[in-house]
Amino acid sequence: MKLDPKIPPGRLQDKWDYYKDHCQLVSPANKRKYNILIVGTGLAGASAAATLAELGYNVKSFCIQDSPRRAHSIAAQGGINAAKNYPNDGDTVWRLFYDTIKGGDYRSREANVYRLAQISNSIIDQCVAQGVPFAREYGGLLANRSFGGAQVSRTFYARGQTGQQLLLGAYSAMSRQIEAGKIQMFPRREMLDLVVIDGKARGIVVRNLITGDIERYAGDAVLLCTGGYSNVFYLSTNAKNSNVTAAWRCYKRGAFFANPCFTQIHPTCIPVSGDYQSKLTLMSEGLRNDGRVWVPKQSGDKRHPNQIPEAERDYYLETRYPSFGNLVPRDVASRNAKQVTDEGRGVGETGLAVYLDFRDAIAKLGKKAIAERYDNLFQMYERITAENPYEVPMRIYPAVHYTMGGLWVDYNLMSTIPGLHVLGEANFSDHGANRLGASALMQGLADGYFIIPYTLGNYLATTELIPIDINNPSFAEAEATVKTKTEKLLSIEGEKTVMEFHRQLGKLVWDYVGMSRHREGLEYVIGAIASLREEYWQNVKVAGSSDNLNKNLEFAGRVADFLELGELMARDALQREESCGGHFREEYQTPEGEAQRDDEHFAYVAAWQYRGDEQIPLMHEEELKFENVKLTQRSYK
């Protein structure tokens, strides 16, 4: 199948304007006739729900939590990018576009990324109007901080709570529409299947997580805003409820899954401290503005960090990358941290950590200034580690954070299933092989506030949609599929818990599809995951029943999907015989140890089509055309 990204004609700078000028519209009176189902209430889902309801559409919003305020978007700490150029340091829309393309190692669509950069400034205006309390300079202008992969300060922030404050802004806009009756909220629902009628997405099947009831909902389009799949690794910075199930069930209904091996390792995470952990805690990338990363020069040096003199410290990022220093992109910082710990120079009890030190910043700026910027982050670190970052360096180490892969979408944010639009981290579209820090919040809000109102309207205005209801046979078939899987999980009565299987899977994926990959390991892990999946369906123990609140059952379904996804990730990494961004194949690297792309053979999006549980999925390619930027070896030196 030829994948058509449906990119508008014209100059790169004019494509989005051309699209808006020529797309079909739905009149205000007719918007009231359409019912839109939105799954997920993070930044992408909440902003889309509020915006579409404000326009007049009837919106049904489905939240896996008890409130949209608990969506995982609140965990984003550091900030949101925009090309406002308030510091007057040379930023432009083009620079934001170029930094994003380059940061993603030239594995994303030019048109999508440029549109994102164009819209970025409007996002800040929207959020300020909602009352988001961005930090401000003394003169009143919004403040900016620097983030990795850029030589300008373009990141707007609200201390270390930017995601939470942005989500509260979107939630307040949602609440207005809930009160007006244009949004119906369905909390504590988990989407378990997509209903496709006449080739179009027309409904969903969900489980009420409190009562266990299976519920059907019909609509004219479905918007999937369910976030990423980092929890396939078991230990990640994602909340425990974050999962791939909704997207994976759409994949099994015909939506292609793109670039699943493109996962991001974040360099500033509190290190693993024991097998008992269920998740990891992220420290904001914003800390790299003032914190200096270092390890001892000599391997095996276990002295207290304050006792190691300056001459015996290796500020390795500053040495290797003098232009960007500690603000190199996340994939570069993570690989370098792994390298120095592999050399035996890691710190802490496990040796799997490096220092992030604020000693010099405090001496230069004063403790008060550092506290104003980061105090809530410092407090969080101290509560978890019992170490005071004002007095001793933080210990950090890379951890799985974000997924650049996701369901394939075209320029309209529509998947290969007509009517199924995918927003935010759930799609693959904007970040290539590595996401720059502070761009996730930008993408989620761009998709929800500013893109989907146009592209959804165009779809509805140009598509014939026959009237349907939940009595359609396709709903009955989808519900039966869900119930069959649930009953099977409950009937196995094995000896190993869901978490034991998940921990085993996570270790396999981390060891072989983590910070570095190689052919032998990928070939091995494909078979290992298949064997683990076979054991899962014979030996998992799921306590309880399906007719009430049952967290074991919830996680059992999600881990079953992770077991299938993990194998697809390995297959995708195996076929991509190059290194790019966060996908580092050990066989393909420069003499300096940097990622070595193969633009002649792999400048494409790999989109995988489901062909059955026992069949190897079919890979399709979307060629990436670079007409405005030159493909060059990334350098941050």
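Rules of the game
Residues numbered from 1 in each chain as written. Predicted model: local features only at pLDDT ≥ 70, side-chain atom pairs only at ≥ 80, totals over all residues. Heavy atoms only, no water. Axes fitted to C-alpha atoms, helices over the stretch in contact; angles between N-to-C directions. Helix = DSSP H or I, 4+ residues; strand = E, 2+ residues; numbered from the N terminus. Parallel < 35°, antiparallel > 145°, perpendicular 65-115°, else oblique. Left-handed = near helix turned anticlockwise from the far one by under 90°. Contact = heavy atoms within 4.5 Å. Nonpolar A, V, L, I, M, F, W, Y, C, P; charged D, E, K, R; others polar. Pairing = 2+ DSSP bridges. Polar contact = N/O pair within 3.5 Å; in protein donor to acceptor, adjacent residues only side chain to side chain. Salt bridge = Lys/Arg side-chain N within 4 Å of Asp/Glu carboxyl O. Buried < 20%, exposed > 50% of the residue type's maximum accessible area, 1.4 Å probe, protein only. Core = buried A, V, L, I, M, F, W, Y, C linked by side-chain atoms within 4.5 Å. Phe/Tyr/Trp six-rings, centres within 6.5 Å; stacked < 30°, edge-to-face > 60°. Lys NZ or Arg CZ within 6 Å of the ring centre and 35° of its normal. Expected span 1.5 Å × (residues − 1).

Peer 1: It is not clear to me how the packing of helix α7 (residues 245-252) against helix α16 (residues 551-575) should be interpreted in this structure. Could you clarify?
Peer 2: Here α7 crosses α16 at 60°, and the two axes come no closer than 10 Å. Taken together, the axes of α7 and α16 are oblique relative to one another. The interaxial crossing formed by α7 with α16 has left-handed handedness. Across the interface between the two elements, T245, W248, R249, Y251 and K252 from α7 touch G557, R558, D561, E564, L565 and L568 from α16. A per-class count over the contact of α7 with α16 returns 4 nonpolar, 2 polar and 5 charged.

Peer 1: Looking at this structure, I do not really get the sheet that holds strand β5 (residues 183-187). What am I missing?
Peer 2: Each strand in a sheet pairs with another by means of backbone hydrogen bonds, the pair being arranged parallel or else antiparallel. Strand order across the open sheet formed by 5 strands is β5-β2-β1-β9-β17, with parallel pairing between neighbours. Only two strands of the sheet have a single partner each, and these edge strands are β5 and β17 (420-422). Taken pair by pair, the neighbouring strands of this sheet meet at an average axis angle of 20°, ignoring direction. Pairing analysis gives 3 bridges linking strand β9 (residues 221-224) to β17, with the strands arranged parallel. Its bridge partner being in β17, L224 is matched across the sheet by V422.

Peer 1: When you look at the sheet that holds strand β6 (residues 189-197) in this model, what are you seeing that I'm missing?
Peer 2: Spatially, β6-β7-β8 is the arrangement adopted by the 3 strands of the open sheet, whose pairing is antiparallel. Every other strand in the sheet has two partners, leaving β6 and β8 (214-218) as the edge strands with one partner each. Taken pair by pair, the neighbouring strands of this sheet meet at an average axis angle of 25°, ignoring direction. Sheet strands touched by helix α13 (residues 473-491): β6, β7 (200-208) and β8. Its angle to β6, the strand with the most contacts, is close to 140°.

Peer 1: In this structure, what is going on with the side chain of H421? I would like to understand it.
Peer 2: Mapped onto the fold, H421 is located in strand β17. Looking at H421, its side chain comes within polar contact range of the main-chain oxygen of G419, at 3.3 Å. Those residues in contact with H421 that lie beyond four places of it in its chain are V222, L223, L224, N412, L413, M414, I452, T455, L456 and Y459.

Peer 1: Would you take a moment to explain the pattern of salt bridges for this structure?
Peer 2: For the coordinates displayed, the defined rule picks out 53 salt bridges. The salt bridge involving R249 is made with D561; its shortest N-O contact spans 3.0 Å. Note that R249 is positioned in helix α7 and D561 in helix α16, a separation of 312 residues in sequence. Here the two residues R249 and D561 agree in accessibility, since each one is buried. For R359, the salt bridge goes to E310, with nearest N and O atoms at 2.5 Å. Linking R359 in helix α10 (residues 359-365) with E310 in the loop between β12 (292-296) and β13 (313-314), this pair joins segments that are 49 residues apart in sequence. Each member of the salt-bridge network shares a partner with another, and the members are D105, R107, D331, R335, R576, E578, R597, D599 and R634.

Peer 1: When you look at the nonpolar core in this model, what are you seeing that I'm missing?
Peer 2: If you look at the biggest cluster of nonpolar residues, it comprises 147 residues, and the most contacted ones within it are I36, I80, I204, L223, L224, L420 and Y536. In terms of residue count, α16 provides more of this core than any other element does, 13 residues in total. With near-sequence residues (within four places) excluded, L224 lies in contact with V39, M191, A246, A247, C250, L407, L420, H421, V422, L423 and A426. L287, Y321, L356 and Y374 belong to the second-largest nonpolar core, a separate cluster that totals 29 residues.

Peer 1: I keep staring at the pairing of strand β15 (residues 394-403) and nothing clicks. Help me out?
Peer 2: Along any regular strand, the residues point their side chains to alternate faces of the sheet. β15 sits mainly inside the fold: 9 of its 10 residues count as buried. Pairing analysis gives 5 bridges linking strand β11 (residues 263-269) to β15, with the strands arranged antiparallel. When the sheet's bridge partners are listed, C269 is paired in β15 with Y397. Relative to β15, strand β14 (residues 354-357) runs antiparallel, the two sharing 3 bridges. From the neighbouring strand, Y355 faces β15, where its bridge partner is R395.

Peer 1: Could you clarify how one ought to interpret the packing of aromatic side chains in this entry?
Peer 2: Any aromatic ring pair is given by two values, namely how distant the centres are and how the planes are angled relative to each other. All told, the structure shown has 31 aromatic pairs when counted by the stated rule. Arranged with centres 5.6 Å apart and planes meeting at 65°, the rings of Y229 and F257 form a pair that is edge-to-face. Linking Y229 in the loop between β9 and α7 with F257 in strand β10 (residues 257-258), this pair joins segments that are 28 residues apart in sequence. Residue classification places F257 among the buried positions, given a relative accessible area of 1%. Among the aromatic residues, those joined into a ring-pair cluster are Y229, W248, Y251, F257 and Y610. Directly above the ring of Y411 sits R115, whose terminal nitrogen or CZ lies 3.9 Å from the centroid. The cationic tip of R558 hangs over the ring face of F555; the distance from NZ or CZ to the ring centre is 5.2 Å.

Peer 1: Please clarify how the environment of A480 should be interpreted in this entry.
Peer 2: Within the fold, A480 resides in helix α13. The class for A480 is partly exposed, based on a relative accessible area of 39%. Along the sequence, A480 and I214 sit 266 residues apart, while their C-alpha atoms lie 9.7 Å from each other.

Peer 1: Help me understand unusual backbone geometry, please; the structure alone is not making it clear to me.
Peer 2: Note: most residues except glycine have negative phi, and most peptide bonds are trans. One non-glycine residue with positive phi stands out, namely D198, at about 55°. Inspection of the secondary structure puts D198 in the loop between β6 and β7. D198 sits in the exposed class, given a relative accessible area of 56%. Positive phi values are uncommon outside glycine, yet N259 reaches one of about 45°. Among the structural elements, N259 can be located in the loop between β10 and β11.

Peer 1: Just checking my understanding: could you explain helix α6 (residues 162-180) for this structure?
Peer 2: In an α-helix, one turn spans 3.6 residues, which is why side chains three or four residues apart end up on the same side. Here α6 spans 28 Å end to end across 19 residues, near enough to the 27 Å set by a 1.5 Å rise per residue. Along α6, the positions that sit buried rather than exposed are T162, G163, Q165, L166, L167, G169, A170, M174 and Q177. Looking one or two places after α6, you find G181, whose phi comes out positive at around 85°.

Peer 1: Sorry if this is basic, but what is going on with the environment of D447 here?
Peer 2: Positionally, D447 belongs in helix α12 (residues 440-462). For D447, a relative accessible area of 1% gives the class buried. Along the chain, D447 and L116 lie 331 residues apart, while their C-alpha atoms are 8.5 Å from each other.

Peer 1: It is not clear to me how the packing of α13 against α16 should be interpreted in this structure. Could you clarify?
Peer 2: If you want to describe how two helices pack, look at the angle between their axes and the distance between the axes. α16 packs onto α13 with a crossing angle of 105° between their chain directions and a minimal axis gap of 10 Å. In terms of axis orientation, α13 runs roughly perpendicular to α16. On α16, the residues touching K485, T486, L489 and L490 of α13 are L553, A556, G557, A560 and D561. Within the contact of α13 with α16, the residues separate by chemical class into 5 nonpolar, 2 polar and 2 charged.

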